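# Architecture at a glance
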Protein chains: 2
Amino acid sequence: MSGGIKIDGIDKIIIKRLVEDARTPVLGIAREVGISGAAIHQRLRKLEDSELMIGSKLILNPKALGYTTTAFVGIFLESASMYSSAIKKLRDIPEVVECHYTTGNWSIFIKILCKNNEDLMYLLNHDVQRIKGVARTETFISLDQQINRQIKI
Amino acid sequence: MSGGIKIDGIDKIIIKRLVEDARTPVLGIAREVGISGAAIHQRLRKLEDSELMIGSKLILNPKALGYTTTAFVGIFLESASMYSSAIKKLRDIPEVVECHYTTGNWSIFIKILCKNNEDLMYLLNHDVQRIKGVARTETFISLDQQINRQIKI
DNA sequence: ATTGAAAGCTCTTCCGA
DNA sequence: TCGGAAGAGCTTTCAAT
(Lines give C-alpha, C1' and ligand atoms only; values in the text may rest on other atoms or scores of the structure.)
Protein backbone atom coordinates (compact mmCIF):
# COMPACT_ATOMS: atom_id res chain seq x y z
CA MET A 1 0.00 0.00 0.00
CA SER A 2 2.92 2.38 0.51
CA GLY A 3 3.70 2.80 -3.16
CA GLY A 4 7.16 4.14 -2.39
CA ILE A 5 6.47 7.55 -3.86
CA LYS A 6 8.84 10.33 -2.92
CA ILE A 7 7.27 13.66 -2.13
CA ASP A 8 9.26 16.88 -1.98
CA GLY A 9 8.30 20.39 -0.94
CA ILE A 10 6.85 21.28 -4.33
CA ASP A 11 4.68 18.17 -4.32
CA LYS A 12 3.49 19.14 -0.87
CA ILE A 13 2.45 22.58 -2.10
CA ILE A 14 0.57 21.02 -5.01
CA ILE A 15 -1.21 18.66 -2.64
CA LYS A 16 -1.98 21.36 -0.10
CA ARG A 17 -3.51 23.66 -2.70
CA LEU A 18 -5.63 20.88 -4.15
CA VAL A 19 -6.72 19.66 -0.73
CA GLU A 20 -7.93 23.21 -0.05
CA ASP A 21 -9.60 23.51 -3.44
CA ALA A 22 -9.48 20.65 -5.91
CA ARG A 23 -10.31 22.97 -8.80
CA THR A 24 -7.27 25.20 -8.36
CA PRO A 25 -5.65 25.55 -11.81
CA VAL A 26 -2.27 23.91 -12.19
CA LEU A 27 -0.89 27.12 -13.73
CA GLY A 28 -1.83 29.06 -10.63
CA ILE A 29 0.18 26.65 -8.50
CA ALA A 30 3.02 26.92 -11.03
CA ARG A 31 3.15 30.69 -10.60
CA GLU A 32 3.06 30.30 -6.84
CA VAL A 33 6.02 27.95 -6.65
CA GLY A 34 7.90 29.58 -9.52
CA ILE A 35 8.35 26.67 -11.90
CA SER A 36 6.69 26.01 -15.23
CA GLY A 37 3.15 24.75 -15.68
CA ALA A 38 4.49 21.75 -17.54
CA ALA A 39 6.62 20.74 -14.55
CA ILE A 40 3.69 21.04 -12.15
CA HIS A 41 1.58 19.11 -14.60
CA GLN A 42 4.14 16.32 -14.73
CA ARG A 43 4.31 16.17 -10.94
CA LEU A 44 0.55 16.09 -10.65
CA ARG A 45 0.45 13.24 -13.15
CA LYS A 46 2.99 11.35 -11.07
CA LEU A 47 0.95 11.96 -7.90
CA GLU A 48 -2.26 10.88 -9.63
CA ASP A 49 -0.59 7.67 -10.74
CA SER A 50 0.60 6.96 -7.22
CA GLU A 51 -1.63 5.57 -4.52
CA LEU A 52 -1.44 8.81 -2.60
CA MET A 53 -4.34 10.44 -4.41
CA ILE A 54 -7.64 8.65 -4.16
CA GLY A 55 -9.42 11.32 -6.18
CA SER A 56 -11.08 14.67 -5.75
CA LYS A 57 -14.55 15.35 -4.51
CA LEU A 58 -17.01 18.16 -4.31
CA ILE A 59 -17.92 18.45 -0.63
CA LEU A 60 -21.60 18.95 0.11
CA ASN A 61 -23.08 20.59 3.18
CA PRO A 62 -25.57 18.10 4.63
CA LYS A 63 -27.25 20.89 6.61
CA ALA A 64 -28.17 22.68 3.40
CA LEU A 65 -30.05 19.52 2.42
CA GLY A 66 -31.84 19.43 5.76
CA TYR A 67 -29.62 16.79 7.34
CA THR A 68 -29.00 18.34 10.73
CA THR A 69 -28.46 15.22 12.84
CA THR A 70 -25.18 13.31 12.84
CA ALA A 71 -24.99 10.14 14.89
CA PHE A 72 -22.65 7.25 15.52
CA VAL A 73 -24.23 3.87 16.07
CA GLY A 74 -22.53 0.83 17.54
CA ILE A 75 -24.14 -2.39 16.34
CA PHE A 76 -24.00 -5.69 18.21
CA LEU A 77 -24.23 -8.65 15.84
CA GLU A 78 -25.54 -12.01 16.93
CA SER A 79 -22.55 -13.56 15.24
CA ALA A 80 -19.52 -12.16 13.48
CA SER A 81 -20.31 -14.27 10.44
CA MET A 82 -23.23 -11.98 9.67
CA TYR A 83 -20.90 -9.08 8.98
CA SER A 84 -20.93 -9.10 5.20
CA SER A 85 -24.66 -9.65 4.83
CA ALA A 86 -25.31 -6.84 7.31
CA ILE A 87 -22.98 -4.51 5.39
CA LYS A 88 -24.91 -5.23 2.23
CA LYS A 89 -28.13 -4.11 3.90
CA LEU A 90 -26.50 -1.06 5.45
CA ARG A 91 -25.28 -0.01 2.02
CA ASP A 92 -28.90 0.27 0.93
CA ILE A 93 -29.58 2.87 3.62
CA PRO A 94 -28.42 6.17 2.06
CA GLU A 95 -28.14 7.87 5.45
CA VAL A 96 -25.33 5.49 6.42
CA VAL A 97 -22.22 7.37 5.27
CA GLU A 98 -19.54 5.30 7.02
CA CYS A 99 -19.39 1.70 8.13
CA HIS A 100 -16.54 0.14 10.08
CA TYR A 101 -15.78 -3.30 11.44
CA THR A 102 -14.38 -2.56 14.87
CA THR A 103 -12.67 -4.11 17.84
CA GLY A 104 -14.25 -3.59 21.23
CA ASN A 105 -17.87 -3.63 22.29
CA TRP A 106 -19.54 -3.77 18.92
CA SER A 107 -19.03 -5.59 15.66
CA ILE A 108 -20.10 -2.79 13.39
CA PHE A 109 -19.82 0.91 13.88
CA ILE A 110 -21.60 3.33 11.56
CA LYS A 111 -21.89 7.04 11.00
CA ILE A 112 -25.31 8.20 10.01
CA LEU A 113 -26.85 11.47 8.81
CA CYS A 114 -30.54 12.23 9.39
CA LYS A 115 -32.81 15.21 8.91
CA ASN A 116 -33.76 15.20 12.58
CA ASN A 117 -33.89 13.02 15.66
CA GLU A 118 -37.25 11.56 14.76
CA ASP A 119 -35.91 10.35 11.44
CA LEU A 120 -32.92 8.90 13.25
CA MET A 121 -35.18 6.99 15.60
CA TYR A 122 -37.30 5.72 12.75
CA LEU A 123 -34.24 4.69 10.80
CA LEU A 124 -32.75 2.83 13.73
CA ASN A 125 -35.96 1.04 14.62
CA HIS A 126 -37.24 0.46 11.13
CA ASP A 127 -34.16 -0.04 9.00
CA VAL A 128 -31.18 -0.92 11.16
CA GLN A 129 -32.70 -3.06 13.90
CA ARG A 130 -34.54 -5.16 11.34
CA ILE A 131 -31.37 -6.23 9.59
CA LYS A 132 -30.83 -9.95 10.11
CA GLY A 133 -28.15 -10.51 12.75
CA VAL A 134 -28.47 -7.12 14.44
CA ALA A 135 -29.00 -7.80 18.12
CA ARG A 136 -28.79 -4.36 19.67
CA THR A 137 -27.54 -0.86 18.93
CA GLU A 138 -26.03 2.00 20.90
CA THR A 139 -26.43 5.50 19.58
CA PHE A 140 -24.34 8.61 20.13
CA ILE A 141 -25.56 11.85 18.68
CA SER A 142 -22.99 14.42 17.64
CA LEU A 143 -24.11 17.77 18.99
CA ASP A 144 -21.14 19.63 17.57
CA GLN A 145 -18.23 18.84 15.28
CA GLN A 146 -15.16 20.98 15.81
CA ILE A 147 -12.52 19.14 13.79
CA ASN A 148 -12.87 17.73 10.29
CA ARG A 149 -9.69 17.34 8.30
CA GLN A 150 -7.38 14.97 6.49
CA ILE A 151 -4.07 13.58 7.61
CA LYS A 152 -1.26 16.13 7.51
CA ILE A 153 1.20 15.62 4.68
CA MET B 1 -28.89 26.80 7.17
CA SER B 2 -31.30 25.60 4.47
CA GLY B 3 -30.53 28.39 2.05
CA GLY B 4 -33.70 27.76 0.09
CA ILE B 5 -31.88 26.77 -3.08
CA LYS B 6 -33.89 24.86 -5.65
CA ILE B 7 -32.10 21.97 -7.33
CA ASP B 8 -33.38 20.35 -10.49
CA GLY B 9 -32.23 17.29 -12.37
CA ILE B 10 -29.50 19.12 -14.26
CA ASP B 11 -28.09 20.55 -11.03
CA LYS B 12 -28.07 17.04 -9.62
CA ILE B 13 -26.04 15.76 -12.56
CA ILE B 14 -23.56 18.63 -12.12
CA ILE B 15 -23.22 17.82 -8.43
CA LYS B 16 -22.94 14.08 -9.01
CA ARG B 17 -20.16 14.48 -11.55
CA LEU B 18 -18.23 16.87 -9.32
CA VAL B 19 -18.69 14.68 -6.26
CA GLU B 20 -17.17 11.84 -8.28
CA ASP B 21 -14.36 14.03 -9.59
CA ALA B 22 -14.12 17.67 -8.62
CA ARG B 23 -11.88 18.43 -11.58
CA THR B 24 -14.38 17.34 -14.21
CA PRO B 25 -14.56 20.13 -16.82
CA VAL B 26 -17.82 22.01 -17.01
CA LEU B 27 -17.88 21.54 -20.78
CA GLY B 28 -17.80 17.77 -20.36
CA ILE B 29 -20.88 17.95 -18.14
CA ALA B 30 -22.49 20.27 -20.66
CA ARG B 31 -22.05 17.72 -23.43
CA GLU B 32 -23.42 15.00 -21.19
CA VAL B 33 -26.63 16.84 -20.33
CA GLY B 34 -27.01 18.45 -23.74
CA ILE B 35 -27.10 22.11 -22.83
CA SER B 36 -24.47 24.78 -23.41
CA GLY B 37 -21.33 25.20 -21.38
CA ALA B 38 -22.38 28.70 -20.44
CA ALA B 39 -25.61 27.40 -18.91
CA ILE B 40 -23.79 24.78 -16.85
CA HIS B 41 -21.31 27.42 -15.82
CA GLN B 42 -24.08 29.68 -14.58
CA ARG B 43 -25.70 26.85 -12.66
CA LEU B 44 -22.41 25.94 -11.07
CA ARG B 45 -21.91 29.55 -10.06
CA LYS B 46 -25.34 29.55 -8.43
CA LEU B 47 -24.55 26.30 -6.59
CA GLU B 48 -21.19 27.65 -5.45
CA ASP B 49 -22.89 30.73 -4.05
CA SER B 50 -25.41 28.61 -2.16
CA GLU B 51 -24.69 26.86 1.11
CA LEU B 52 -24.92 23.49 -0.56
CA MET B 53 -21.32 23.42 -1.68
CA ILE B 54 -18.72 23.63 1.04
CA GLY B 55 -15.88 23.35 -1.44
CA SER B 56 -13.88 20.72 -3.22
CA LYS B 57 -11.01 18.69 -1.89
CA LEU B 58 -8.31 16.39 -3.11
CA ILE B 59 -8.77 13.15 -1.19
CA LEU B 60 -5.58 11.57 0.11
CA ASN B 61 -5.02 7.92 0.87
CA PRO B 62 -3.75 7.72 4.45
CA LYS B 63 -2.40 4.22 3.81
CA ALA B 64 -0.04 5.54 1.14
CA LEU B 65 1.40 7.79 3.84
CA GLY B 66 1.82 4.85 6.17
CA TYR B 67 -1.27 5.56 8.25
CA THR B 68 -2.76 2.10 8.47
CA THR B 69 -4.62 2.33 11.77
CA THR B 70 -7.98 4.06 12.09
CA ALA B 71 -9.49 4.30 15.54
CA PHE B 72 -12.41 5.92 17.29
CA VAL B 73 -11.83 7.13 20.82
CA GLY B 74 -14.49 8.05 23.35
CA ILE B 75 -13.21 10.54 25.89
CA PHE B 76 -14.64 10.99 29.38
CA LEU B 77 -14.13 14.52 30.65
CA GLU B 78 -13.98 15.36 34.34
CA SER B 79 -16.41 18.15 33.64
CA ALA B 80 -18.25 19.32 30.57
CA SER B 81 -16.85 22.79 31.05
CA MET B 82 -13.47 21.53 29.90
CA TYR B 83 -14.79 20.85 26.43
CA SER B 84 -13.40 23.85 24.62
CA SER B 85 -9.97 23.75 26.22
CA ALA B 86 -9.73 20.04 25.44
CA ILE B 87 -10.70 20.67 21.80
CA LYS B 88 -7.94 23.23 21.54
CA LYS B 89 -5.39 20.63 22.63
CA LEU B 90 -6.85 17.96 20.37
CA ARG B 91 -6.51 20.31 17.42
CA ASP B 92 -2.78 20.32 17.98
CA ILE B 93 -2.62 16.55 17.44
CA PRO B 94 -2.49 16.10 13.65
CA GLU B 95 -3.63 12.49 13.86
CA VAL B 96 -7.02 13.63 15.20
CA VAL B 97 -9.08 14.07 12.05
CA GLU B 98 -12.56 14.39 13.56
CA CYS B 99 -13.78 15.61 16.90
CA HIS B 100 -17.39 15.52 18.08
CA TYR B 101 -19.24 16.56 21.19
CA THR B 102 -21.61 13.69 21.79
CA THR B 103 -24.53 12.55 23.86
CA GLY B 104 -24.21 9.25 25.67
CA ASN B 105 -21.29 7.75 27.53
CA TRP B 106 -18.59 10.18 26.58
CA SER B 107 -18.24 13.90 26.24
CA ILE B 108 -15.90 13.89 23.30
CA PHE B 109 -15.62 11.42 20.50
CA ILE B 110 -12.69 11.53 18.09
CA LYS B 111 -11.52 9.78 14.98
CA ILE B 112 -7.82 9.23 14.81
CA LEU B 113 -5.34 7.99 12.19
CA CYS B 114 -2.04 6.39 13.19
CA LYS B 115 0.77 4.61 11.42
CA ASN B 116 0.31 1.52 13.56
CA ASN B 117 -1.11 0.32 16.85
CA GLU B 118 2.01 1.24 18.77
CA ASP B 119 1.76 4.82 17.63
CA LEU B 120 -1.90 4.80 18.58
CA MET B 121 -1.05 3.59 22.08
CA TYR B 122 1.66 6.18 22.45
CA LEU B 123 -0.62 8.91 21.20
CA LEU B 124 -3.40 7.94 23.58
CA ASN B 125 -1.13 7.65 26.61
CA HIS B 126 1.18 10.50 25.82
CA ASP B 127 -0.96 13.08 24.05
CA VAL B 128 -4.62 12.44 24.72
CA GLN B 129 -4.63 11.20 28.29
CA ARG B 130 -2.45 14.07 29.38
CA ILE B 131 -4.90 16.71 28.25
CA LYS B 132 -6.30 18.54 31.26
CA GLY B 133 -9.81 17.31 32.02
CA VAL B 134 -9.47 13.95 30.28
CA ALA B 135 -10.45 11.31 32.83
CA ARG B 136 -10.54 8.14 30.76
CA THR B 137 -10.75 6.94 27.17
CA GLU B 138 -12.28 4.01 25.32
CA THR B 139 -10.76 2.98 22.03
CA PHE B 140 -12.27 1.15 19.08
CA ILE B 141 -10.01 0.20 16.24
CA SER B 142 -11.48 0.04 12.76
CA LEU B 143 -10.29 -3.18 11.15
CA ASP B 144 -12.15 -2.56 7.93
CA GLN B 145 -14.13 0.27 6.37
CA GLN B 146 -16.70 -0.79 3.83
CA ILE B 147 -18.73 2.39 3.34
CA ASN B 148 -17.43 5.92 2.89
CA ARG B 149 -19.68 8.34 1.06
CA GLN B 150 -21.60 11.57 1.21
CA ILE B 151 -25.29 12.13 1.69
CA LYS B 152 -27.32 11.27 -1.41
CA ILE B 153 -28.62 14.28 -3.30
C1' DA C 1 -32.67 30.01 -17.96
C1' DT C 2 -30.39 29.40 -22.19
C1' DT C 3 -27.54 30.34 -26.25
C1' DG C 4 -23.41 31.26 -29.41
C1' DA C 5 -19.57 33.89 -29.95
C1' DA C 6 -15.29 35.82 -28.64
C1' DA C 7 -11.32 36.59 -25.78
C1' DG C 8 -8.29 34.96 -22.56
C1' DC C 9 -6.57 31.36 -19.96
C1' DT C 10 -5.44 26.49 -19.05
C1' DC C 11 -4.26 21.79 -20.22
C1' DT C 12 -1.59 18.60 -22.48
C1' DT C 13 2.03 16.91 -25.11
C1' DC C 14 6.52 16.88 -27.12
C1' DC C 15 11.20 17.64 -27.36
C1' DG C 16 15.63 19.50 -26.02
C1' DA C 17 18.46 20.52 -22.03
C1' DT D 1 13.23 17.08 -13.54
C1' DC D 2 12.50 21.10 -15.98
C1' DG D 3 11.22 24.79 -19.63
C1' DG D 4 9.28 26.54 -24.01
C1' DA D 5 6.20 26.24 -27.54
C1' DA D 6 2.02 24.92 -29.95
C1' DG D 7 -2.62 23.26 -30.51
C1' DA D 8 -6.56 21.79 -28.38
C1' DG D 9 -9.69 22.52 -24.91
C1' DC D 10 -11.76 25.17 -21.18
C1' DT D 11 -13.62 29.26 -18.66
C1' DT D 12 -15.76 33.44 -18.43
C1' DT D 13 -18.53 37.11 -19.95
C1' DC D 14 -22.03 39.28 -22.68
C1' DA D 15 -25.90 40.56 -25.49
C1' DA D 16 -29.85 38.44 -27.17
C1' DT D 17 -33.70 35.28 -26.65
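Our structure is the block above this text.
So, here's what we can say about the structure. (Residues numbered from 1 in each chain as written. Chains lettered and ligands numbered in written order. Predicted model: local features only at pLDDT ≥ 70, side-chain atom pairs only at ≥ 80, totals over all residues. Heavy atoms only, no water.)

### Considering the side chain of threonine 69 of chain B
All names here are of chain B. Assignment of secondary structure puts threonine 69 in strand β2 (residues 69–77). Overall, the relative accessible area of 7% leaves threonine 69 in the buried class. There is a polar contact of 3.1 Å between the side chain of threonine 69 and the side chain of asparagine 117. Contacts of threonine 69, omitting those with residues within four sequence positions, involve Ile112, Leu113, Cys114, Lys115, Asn116, Asn117, Leu120 and Ile141. (Helix = DSSP H or I, 4+ residues; strand = E, 2+ residues; numbered from the N terminus. Buried < 20%, exposed > 50% of the residue type's maximum accessible area, 1.4 Å probe, protein only. Polar contact = N/O pair within 3.5 Å; in protein donor to acceptor, adjacent residues only side chain to side chain. Contact = heavy atoms within 4.5 Å.)

### Considering the sheet that holds strand β4 (residues 108–114) of chain A
The strand order around the closed barrel formed by 8 strands is β2(A)-β4(A)-β3(A)-β5(B)-β2(B)-β4(B)-β3(B)-β5(A), and the pairing between neighbours is antiparallel. Between one strand and the next, the sheet's axes are offset by a mean angle of 35 degrees, whatever the strand orientation. Pairing geometry for strand β3 (residues 96–102) of chain B and strand β4 (residues 108–114) of chain B, over 5 bridges, is antiparallel. Each bridged residue has a counterpart across the sheet, and for histidine 100 of chain B the counterpart in β4 of chain B is phenylalanine 109 of chain B. In this fold helix α4 (residues 83–91) of chain B packs onto β5 (134–148) of chain A together with β2, β3 and β4 of chain B, with an angle of close to 80 degrees to the strand it touches most, β5 of chain A. In the packing of helix α5 (residues 117–128) of chain B onto the sheet, the strands contacted are β2, β4 and β5 (134–148) of chain B, and the crossing angle to β5 of chain B comes to about 150 degrees. (Pairing = 2+ DSSP bridges. Axes fitted to C-alpha atoms, helices over the stretch in contact; angles between N-to-C directions.)

### A closer look at the pairing of β4 of chain B
The side chains of a regular strand alternate between the sheet's two faces. Residues and elements named next belong to chain B. Of all 7 residues making up β4, 7 are buried, and the element is well covered by its neighbours. Burial along β4 is two-sided: the residues Ile108, Ile110, Ile112 and Cys114 and Phe109, Lys111 and Leu113 are all buried. Note that β2 and β4 share 7 bridges and pair antiparallel. Bridging from a neighbouring strand, threonine 70 pairs with leucine 113 of β4.

As far as function goes, none of this settles anything; it's purely spatial.
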